[in-house]
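# Report on the structure
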Amino acid sequence: MSVVNATGTISLARGAPSLDIIDVDGLRDAAARAFENDPGGATAYGTSVGYLPLRRLIADWHGVEESQVLVTNGSMQADAFLFDELALPGSHVVIERPSYDRTILALRRRGANLHAVALESDGIDVDALESRLAAGTRPAFAHIIPNFHNPAGYTLSLEKRRRLLELAHRYDFTIFEDDPYIALRFRGEALPTIFSLDEGAGRVVYASSFSKTVCPGIRVGYLVGPAELIATIAKRATSTYISPGMVSEAITYEFCTSGALERSSARVRDALAERCERLASGLSEALPETRFTAPDGGYFLWLELGQGIDSTKLVAAAAAHGVAIVDGDDFVIDGSSGAVRLSFAPVTPAEIDAAVARLAGAVAALAAS
Ligand SMILES: Cc1ncc(COP(=O)(O)O)c(C=O)c1O
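Residues numbered from 1 in each chain as written. Predicted model: local features only at pLDDT ≥ 70, side-chain atom pairs only at ≥ 80, totals over all residues.

## Examining the environment of A320
- With respect to the secondary-structure elements, A320 resides in helix 12 (residues 311-320).
- C-alpha of A320 to C-alpha of H115: the two residues are 205 residues apart in sequence and 35 Å apart in space. (Helix = DSSP H or I, 4+ residues; strand = E, 2+ residues; numbered from the N terminus.)

As structure tokens, this is what we get:
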């Protein structure tokens, strides 16, 4: 359970929850019900669009037709399928700076030209995006992580959601709303998805996941978008893996419909709120020269290091002091983030205190060298 490994290192590196906030009993019960209630459906190959009862449930949540939903093996697979359609070699794609490192890698691998637009504490800088569009950049799509951003922890404001949508309509590009953290708000008011603000106009493709509310190992995520696009992707899914994991999806369905999802999400949110608060207050005290905006949900805090502290050197110094963190440079395409990503999801409050003390020791050692 602990993220303190055999060498005594505390990890603030993984974007994954500690075992104590995963509802293992609820999962066991959901699995028993899945095999009891629908042994045929749970054990079959199924179809490439996913386990049909779960697909229907997700369609209801989003107020769309079932034909607009594809359930996948984690949302990473949903992203990959969408990128195969839209991120063609030589195409132009807007990403946030910083952005999720696996997204950057996936887009680069497909030969897309990336346009990184600054991410502010209330989301992507829409003025800067508008200037680029006005100057002639014509993206196929913009990849946006609207809630409790990975790696920055920031949330896109309602006003910016609306402006972004307006720009997408005016300059004819798709918004890919990559939203795995939406259910993990532990402070403040929930905001409407950009997908819902679009009111079925087909400008937005939405992805989310059960990794953060059920558990990452369940590997269930999904895509919601225009029916024709989903049908095209379903064909690609058939030739990729015939169908996603029906057993996982049937368990997820039972977990959702029994009320376990709400209970599990609430437990995860409470734990994250406490962990985040502990990390933020610890950092303010121990590292006053750094800057951060405490997130309202999710897993991550983006620590800006200020003058004179190199993020890559700090990651190495932190490792030597027994704490694992991620170099912010991994999340930008120009290699100069001046920041590190700290995940408070895998650690208990006591481990956070120890990790902050070690990090402060690493910063002091780096300054002295
Ligand atoms: C922004 C973002 N998108 C997608 C994913 C992939 O999630 P999964 O494949 O576990 O659903 C992650 C995981 O950390 C993420 O942070």
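Back to the text.
## Quick look at the site of the ligand
- Within the structure, the ligand sits among 14 residues, and G74, S75, M76, S209 and S211 are positioned closest to it.
- In terms of residue count, helix 4 (residues 75-86) provides more of the shell around the ligand than any other element does, 3 residues in total.
- Of the residues contributing to the shell around the ligand, the split by class is 5 nonpolar, 7 polar and 2 charged. (Near = placed C-beta within 6 Å. Nonpolar A, V, L, I, M, F, W, Y, C, P; charged D, E, K, R; others polar.)

## Notes on helix 9 (residues 227-241)
- If you check helix 9, its first and last C-alpha atoms are 20 Å apart, about what 15 residues at 1.5 Å a residue would give, namely 21 Å.
- Looking only at helix 9, the buried set comprises I230, I233 and A237. The buried side chains of helix 9 occupy one side of the element, clustering within an arc of 65 degrees when seen end-on. For helix 9, the exposed residues lying more than 90 degrees away from the buried face are E228, K235 and S239.
- Trailing helix 9 by a residue or two, I242 shows a phi angle of about 65 degrees, which is positive. (Expected span 1.5 Å × (residues − 1). Buried ≥ 20, exposed ≤ 12 C-beta atoms within 10 Å, placed from the backbone. Arc of directions from axis to C-beta.)

## With respect to the pairing of strand 4 (residues 113-120)
- Bridge count between strand 3 (residues 92-97) and strand 4: 6 bridges; the pairing is parallel. From the neighbouring strand, R97 faces strand 4, where its bridge partner is A118.
- Each parallel crossover has a hand, and for strand 3 linked through helix 5 (residues 101-109) to strand 4 it is right-handed.
- Relative to strand 5 (residues 123-124), strand 4 runs antiparallel, the two sharing 2 bridges. Note on strand 5: the bridge partner recorded for E120 is G123.
- The hairpin formed by strand 4 and strand 5 contains 2 residues between the paired strands. (Pairing = 2+ DSSP bridges. Right-handed = clockwise from strand over helix to strand, strands pointing away.)

## Points about helix 5
- Every buried residue of helix 5 is listed here: T103, I104 and L107. All buried residues of helix 5 lie within an arc of 100 degrees about the axis, which places them on one face of the element. Exposed residues lying more than 90 degrees from the buried face of helix 5 are L105 and R109.
- Buried positions along helix 5 lie against helix 4, strand 3, strand 4 and strand 6 (141-144).
- One or two steps after helix 5, the chain reaches G111, where phi turns positive at roughly 80 degrees. (Contact = placed C-beta atoms within 7 Å.)

Purely geometric stuff here, so don't read any function into it on its own.
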